[in-house]
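Structural characterization, general
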Amino acid sequence: MVLFFYFREVFFLVGDVSAQGYANYVFLVLWLLHYLHRALIHPWVMRYSSRCVPLGITLGTVLPNLLYPATNGDWTGSAEYDDNYYYDPRFIMGIVMYVVGYCINKHADLKLRSLRGRGGSAYSIPRGGLFDYISCPNYFGELLEWLGWTIATWSLAGLVWLLFTMATFVPRARHNHQWYQQMFEDYPSQRKALVPFVF
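Please read these numbers as outputs of a predicted model, since none were measured by experiment. (Residues numbered from 1 in each chain as written. Predicted model: local features only at pLDDT ≥ 70, side-chain atom pairs only at ≥ 80, totals over all residues. Heavy atoms only, no water.)

Counting its secondary structure elements, the protein contains six helices and zero strands. For the protein, the sequential pattern of α-helices and β-strands runs α-α-α-α-α-α. Counting every position in the protein, which comprises 199 residues, the buried fraction comes to 42%. In the protein, 80% of the contacts between residues at least 6 apart in sequence involve partners at least 24 apart. Here the protein has roughly 11100 Å² of accessible surface; of this, 66% comes from carbon and sulfur atoms. (Helix = DSSP H or I, 4+ residues; strand = E, 2+ residues; numbered from the N terminus. Buried < 20%, exposed > 50% of the residue type's maximum accessible area, 1.4 Å probe, protein only. Contact = heavy atoms within 4.5 Å. Areas by Shrake-Rupley, 256 points an atom, 1.4 Å probe, with all protein chains shown as cover.)

Now for the confidence of the model for the protein. For the protein, the mean per-residue pLDDT works out to 86, and 81% of the residues sit at or above 70. No element of the protein has a lower mean pLDDT than helix H1 (residues 2-13), which averages 65, and none a higher one than helix H5 (residues 137-153), which averages 97. (pLDDT = per-residue confidence, 0-100.)

Counting across every chain of the model gives one salt bridge. Residue Arg90 pairs with Asp88 through a salt bridge whose shortest N-O separation is 2.7 Å. A relative accessible area of 26% places Arg90 in the partly exposed class. For Asp88, a relative accessible area of 18% gives the class buried. (Salt bridge = Lys/Arg side-chain N within 4 Å of Asp/Glu carboxyl O.)

Moving on, we get to helix H4 (residues 89-115). Compared with the 39 Å implied by 1.5 Å per residue over 27 residues, the 39 Å span of H4 between its first and last C-alpha is a close match. Buried residues of H4: Phe91, Gly94, Ile95, Met97, Tyr98, Gly101, Ile104, Asn105, Lys106, Ala108 and Asp109, and no others. (Expected span 1.5 Å × (residues − 1).)

Right, let's get into the environment of Arg174. When you line up the elements, Arg174 lands in helix H6 (residues 156-183). What makes Arg174 partly exposed here is its relative accessible area of 38%. Leave out the neighbours within four places in its chain, and Arg174 touches Ala193 and Phe199.

Here is the structure:
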């Protein structure tokens, strides 16, 4: 939830309000919707085997989650986009990628939630949708979101956030994929970790 308010405050307090057009506000809304969902809806919808997050993970996210929202909030609050930026292929392609990635991410999260009954702790192999091709479509969807963000905002700040997200999700996807392979003898051998047919 901190990312929601922090990005918003930087957007309005540091950004150049006189230069902000519709594109700036589209980016503001996309960022805020993602983190409103991540902070308020996601924790209530998902069923985790443990409600505790290891301290190392929590501490490891403090600096990036202070730095990257500030740089993206500053960029999207200060960038001067052309009045016709809506017709720019970067904007169109980036927004489409962002929305598709968002939908993939949420669908995968709901699929994972459905595998675990209320109060259940048993694990099973997720199947259907992108789970037929990769072990972590939730991570793939979020990476697609931030790739779309980077293209749509056409910013170094977006690229840095994408690279940080990749540095987080690539090792996690590899670890989750290996865990599935060790846990289930019948785990599909053709399934990749993060990117269909590639990795």
